[in-house]
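What follows is each chain in one-letter form.
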Amino acid sequence: MLFLNNDDIHELLNMRDCINIQEEAFKGLAKGHSIHRPRIDMYVPCERDDGYWRWGTMEGATHAPGPYFAIRMKSDVIQWTEDKRSGLPREDKYCVEPGTYCGLIMLFSTRNGEPLAMMNDGHLQHMRVGGGAGIGVKHLSREDSTTVGMLGSGGMARTYLQAFCSVRPITRVKVYSPSRENRELYAREMEQELQLEVIPVDSAREAVRGVDIVSSCTSSMVPTIEPEWLEPGMHVTNLGPFELSEELLLHADVVIRQGIAGGAPTAGEDPVRVRSGVGHSPVAYIAGTEEELRRLPEARPRNTLFRRDCPDFSDLVSGKSAGRQSPDDITLYINGGNQGLQFASVGGLVYEAARLKKLGRELPSEWFVQDIRD
């Protein structure tokens, strides 16, 4: 069994391959070659009286590459606070102490069940999400798109822009973040890395005005883009489930979601203990007393177009649903769903590259198997 840390994965994984391997895995859904289980979270009261501990998992299996199965696991202490600069609600998290996080991916062979690898999820997580947004840009944006309006300046905003540059000839970016320091740092770093013009601007409205691709990469739990900001020919994508309003989705000519992100609680389940729309959780199983439950934010329904009746990427590439039909179409790609499958495909790609380059730390396989039948 192989242990791979974030530095290993950074050396092994490039954005173009990350995009291509996810595309192949997503196409496998229609053929029965891939499968995934949407994210499910569990909430338990934690050490602080203004937060909750959250355990989140998602799973997937694919033949391309592979055949592999992966489960991604997260252990976080969650707080819901108001952003002091923007006044918008946001979700903050840590593991053990602020600034440290725990996310692990375990990869298995579906040929014989062998545990193959354990990986830190940090860098791979950012790459797979950015790569997912890149798939939408590749298939739905105008081929001559050269400009980007970026809302957000964190790690995801970086991999989103890397992905866009992998599939379109991007030359100019406008970036907005409530923090002037953060947006200026983003501009300097991305200009140097990608060799293009990046301009920090003072408002979300200015970032969106006059660009070809609009990307919201924030932790906001309220919409970040107004429908009237959209212009003919734009392509729009998101990071979180609450960044796009129902009105904005209805304003688009073409809406495609990546895949199924989660479902509603099963009929008959306790609505207090099993909820949909707690924070960023599609489905949440919740422990705690009545007093402890008050720490949680109000459950918020997803937009109706996030549900199963919205065409997904498989529908697009199979021809069941149409993509962009005109240069003036406003297209929208909901970059959510298929998470477990993303970890299986990208994780499998990284594992194979690590074996070829002899990177990572070997752990004896016998540590992870046993002679007692369970």
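Each remark here, short or long, concerns the structure printed above.
Residues numbered from 1 in each chain as written. Predicted model: local features only at pLDDT ≥ 70, side-chain atom pairs only at ≥ 80, totals over all residues. Heavy atoms only, no water.

Visitor: Would you take a moment to explain the packing of helix 3 (residues 122–140) against helix 10 (residues 339–357) for this structure?
Guide: The packing of two helices is summarised by the inter-axis angle and the distance between the axes. Their axes nearest at 10 Å, the elements helix 3 and helix 10 cross at an angle of 115°. Here helix 10 runs roughly perpendicular to helix 3, going by the angle between their axes. Helix-helix and strand crossings are classified by hand; for helix 3 and helix 10 the assignment is right-handed. Residue-level inspection shows Leu124, Gln125, Arg128 and Gly132 of helix 3 in contact with helix 10, the latter providing Gln339, Gln342, Phe343, Val346, Gly347 and Val350. Partitioned by chemical class, the residues of the contact of helix 3 with helix 10 number four nonpolar, five polar and one charged. (Axes fitted to C-alpha atoms, helices over the stretch in contact; angles between N-to-C directions. Helix = DSSP H or I, 4+ residues; strand = E, 2+ residues; numbered from the N terminus. Parallel < 35°, antiparallel > 145°, perpendicular 65-115°, else oblique. Left-handed = near helix turned anticlockwise from the far one by under 90°. Contact = heavy atoms within 4.5 Å. Nonpolar A, V, L, I, M, F, W, Y, C, P; charged D, E, K, R; others polar.)

Visitor: Which parts of the structure should I look at to understand the sheet that holds strand 9 (residues 172–176)?
Guide: Strand pairing in a sheet relies on backbone hydrogen bonds, with the paired strands running either antiparallel or parallel. Strand order in the open sheet formed by seven strands is 10-9-8-11-12-16-13, and the pairing between neighbours is parallel. Strand pairing shows two members of the sheet lacking a second neighbour, strand 10 (197–200) and strand 13 (254–257), which therefore form its edges. When the angles between neighbouring strand axes are averaged without regard to direction, this sheet yields 15°. With three bridges joining them, strand 11 (residues 213–216) and strand 12 (residues 235–237) adopt parallel strand pairing. Paired with Val214 across the bridge in strand 12 is Val236. Strands in contact with helix 4 (residues 155–167) are strand 8 (147–151), strand 9, strand 11 and strand 12; relative to strand 8, the strand with the most contacts, it is inclined by about 165°. (Pairing = 2+ DSSP bridges.)

Visitor: Before we go on, may I ask you to explain the packing of helix 2 (residues 15–31) against helix 10 in this structure?
Guide: It is the contact of helix 2 with helix 10, at a shortest axis distance of 9 Å, that shows an interaxial angle of 130°. Compared by their axis directions, helix 2 and helix 10 come out oblique. Considering the relative orientation of helix 2 and helix 10, their crossing is right-handed. Residues Asp17, Cys18, Ile21, Gln22, Ala25, Phe26 and Leu29 of helix 2 form the contact with helix 10, whose own contacting residues are Leu341, Gln342, Ser345, Val346 and Leu349. Classifying every residue of the contact of helix 2 with helix 10 by side-chain character gives eight nonpolar, three polar and one charged.

Visitor: Whenever I open this one, the packing of aromatic side chains confuses me. Can you help?
Guide: Pairs of aromatic rings are described using the distance from one ring centre to the other and the angle between the two planes. On inspection of all chains with the given rule, the structure shows seven aromatic pairs. Summarising the aromatic geometry, the rings of Tyr68 and Tyr351 are spaced 6.0 Å apart at their centres and angled 80° between planes, so their arrangement reads as edge-to-face. A residue pair is termed long-range when its members are at least 10 positions apart, and Tyr68 in strand 4 (residues 68–82) and Tyr351 in helix 10 qualify at 283 residues. Each of the two residues, Tyr68 as well as Tyr351, counts as buried. An aromatic cluster is present here, built from Tyr43, Tyr52 and Trp80 joined pairwise through their rings. (Phe/Tyr/Trp six-rings, centres within 6.5 Å; stacked < 30°, edge-to-face > 60°. Buried < 20%, exposed > 50% of the residue type's maximum accessible area, 1.4 Å probe, protein only.)

Visitor: I'm lost on the layout of surface pockets in this one. Help?
Guide: Empty pockets left among the atoms are what a rolling probe the size of a water molecule brings to light. Counted as a void, the second largest pocket has a volume near 200 Å³. Together, Asn6, His10, Leu13, Asn14, Met15, Gly122, His123, His126, Met127, Gly155, Thr159 and Gln162 line the second largest pocket. At the level of secondary structure, the elements contributing two or more residues to the lining of the second largest pocket comprise helix 1 (6–12), helix 3 and helix 4. Residue composition of the lining of the second largest pocket, by class: three nonpolar, nine polar and no charged. (1 Å grid on protein atoms, 1.4 Å probe; cavity = no way out; pocket = protein on both sides within 12 Å on 5 of 7 lines; lining within 4 Å. Points joined across faces, edges and corners; volume = space filled by probe spheres on them.)

Visitor: Even after reading the chapter, I still don't get the pattern of salt bridges, so can you show me in this structure?
Guide: Between side chains of opposite charge, a pair can form when the charged atoms approach closely. One pass over the structure, following the stated rule, counts 19 salt bridges. Taking the shortest distance from any N to any O, the salt bridge between Glu197 and Arg172 comes out at 3.6 Å. On the criterion of sequence distance, the pair formed by Glu197 in strand 10 and Arg172 in strand 9 is long-range, its members being 25 residues apart. One salt bridge in this structure joins Glu206 and Arg209, with 2.6 Å as the shortest N-O distance. (Salt bridge = Lys/Arg side-chain N within 4 Å of Asp/Glu carboxyl O.)

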